[in-house]
Amino acid sequence: MDTETNSDQIILITHANGYSAECYSYLMEAFRDKYRVIALDFSGHGQSEAFYNFTSWDFLRDQILTLIKHENLDNIISIGHSMGGSSALRASKRKPSLFKKLILLDPTFLSLSIIAYGSIFGIPIAKNAIKRRRNFKSIDQVRKIFKKFSAFANWNERVYEDYLQSCFRQNGEEVELICDPKIEAKYFSTPSLKSFYDYGKNKLETHIIIPQKFEVCSPYRAKIIIAGNPNSTLTTIPDGTHFFPFEKTGFTLNKIKTLL
């Protein structure tokens, strides 16, 4: 997705695993008048083709860098959520001159112990993803069923509809989840020690927002990352969850505005 706004200032949005660029349409609409806003669909998500033959999170980082090269982008403000956030950080570490600042919404930073455990026994969240149901009778059925799960219960209604329209497609008489659970699980299960070493002090201005009850990004790790630049900040949300960009759209939008 690309607003194609005539602006030298670029905002690049990267999404969470299992979702899509269109889930962040409310952010694109809010900033499109002043910025050229581009939202990337990672392989296997949204409008991007599926690819199964990857072995590490370098694949996510390299998709970002390939898009930047293809569009000849620089002066980038990167807004990344979850795995999209950690991948944006890694992309900026590889090509720091192309980025102006990072805004990371609960980025996924797995600890060394989890990576080591996962290499032997598997990552628990990946095991859950592979069991995900893919086919349903109708989008109305999906709409009703998913709202019963805590992960979706408090979503903003507009974002929820954007999710339904961009993450499911008609397949014969049924609708199917666009992101194959096998791909979602593989993204979750292919971190490496190599990726961990990119999560040290970052000289680029970096703003991290996490829920107080953190799951994937601890305050300890966030503080290490932001220590490399005096303009960097860490914000914690007392009543937020990992899905706060989908639940607290007003807060998320206003916070990003102040950071821009």
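The structure displayed is predicted, hence computed values, not measured ones.

(A) Spotlight on the side chain of Asp198. Assignment of secondary structure puts Asp198 in the loop between helix 10 (193–196) and strand 8 (205–211). Residue classification places Asp198 among the buried positions, given a relative accessible area of 19%. If near-sequence neighbours (up to four positions away) are discounted, Asp198 is found in contact with Leu89, Arg90 and Lys93.

(B) Looking closely at the sheet that holds strand 5 (residues 135–136). Taken in spatial order, the 3 strands of this open sheet run 5-7-6, and their pairing is antiparallel. In this open sheet, the two strands that pair with only one neighbour each are strand 5 and strand 6 (168–171). Pairing between strand 5 and strand 7 (residues 174–177): 2 bridges, direction antiparallel. By the bridge assignment for strand 7, Phe136 is matched with Val175. Across the face of the sheet, helix 8 (residues 157–167) comes into contact with strand 6 and strand 7 while running at roughly 40° to strand 6.

(C) Looking closely at the pairing of strand 9 (residues 233–237). Direction of pairing for strand 8 relative to strand 9: parallel, over a ladder of 5 bridges. The residue bridging Ile210 from the neighbouring strand is Thr236, located in strand 9. As for the winding sense of the linkage, the β-α-β connection from strand 8 through helix 11 (residues 219–226) to strand 9 is right-handed.

(D) Molecular detail of the packing of aromatic side chains. Using the criterion set out here, one finds 27 aromatic pairs in the structure. When the centroid spacing of 5.6 Å and the interplanar angle of 55° are considered together, the rings of Tyr19 and Phe246 count as tilted. Taken together, the positions of Tyr19 in the loop between strand 1 (10–14) and helix 1 (25–31) and Phe246 in helix 12 (residues 244–247) put the pair 227 residues apart, joining distant regions of the chain. Seen in terms of ring centroids, Phe59 and Tyr187 are 6.3 Å apart; in terms of plane orientation they differ by 15°. Their pairing is stacked. Residue Phe59 is located in helix 2 (residues 58–71), and its partner Tyr187 is located in helix 9 (residues 181–189); the two are separated by 128 residues in the primary sequence. Both residues of the pair, Phe59 and Tyr187, count as buried. Here the aromatic cluster, defined as three or more aromatic residues joined through ring pairs, consists of Tyr19, Tyr24, Phe136, Phe146, Phe149, Phe152, Trp155, Tyr160, Tyr163, Phe168, Phe243 and Phe246.

(E) Representation of the side chain of Ser82 within the structure. Its location among the elements puts Ser82 in the loop between strand 3 (76–81) and helix 3 (83–94). On the basis of relative accessibility, which here comes to 7%, the residue Ser82 falls in the buried class. Contacts of Ser82, omitting those with residues within four sequence positions, involve Ala16, Leu105, Asp106, Pro107, Thr108 and His242.

(F) Here's a closer look at the packing of helix 6 (residues 139–146) against helix 8. Look at helix 6 against helix 8: their axes get within 11 Å of each other, and the N-to-C directions meet at 135°. Looking at the two axes, helix 6 sits oblique to helix 8. Crossing geometry of helix 6 relative to helix 8 is assigned as right-handed. Along its contact with helix 6, which presents Ile139, Val142, Arg143 and Phe146, the element helix 8 presents Tyr160, Glu161, Tyr163, Leu164 and Gln165. Looking at the contact of helix 6 with helix 8 residue by residue, the classes come out as 6 nonpolar, 1 polar and 2 charged.

Criteria and cut-off values
Residues numbered from 1 in each chain as written. Predicted model: local features only at pLDDT ≥ 70, side-chain atom pairs only at ≥ 80, totals over all residues. Heavy atoms only, no water. Helix = DSSP H or I, 4+ residues; strand = E, 2+ residues; numbered from the N terminus. Buried < 20%, exposed > 50% of the residue type's maximum accessible area, 1.4 Å probe, protein only. Contact = heavy atoms within 4.5 Å. Pairing = 2+ DSSP bridges. Axes fitted to C-alpha atoms, helices over the stretch in contact; angles between N-to-C directions. Right-handed = clockwise from strand over helix to strand, strands pointing away. Phe/Tyr/Trp six-rings, centres within 6.5 Å; stacked < 30°, edge-to-face > 60°. Parallel < 35°, antiparallel > 145°, perpendicular 65-115°, else oblique. Left-handed = near helix turned anticlockwise from the far one by under 90°. Nonpolar A, V, L, I, M, F, W, Y, C, P; charged D, E, K, R; others polar.

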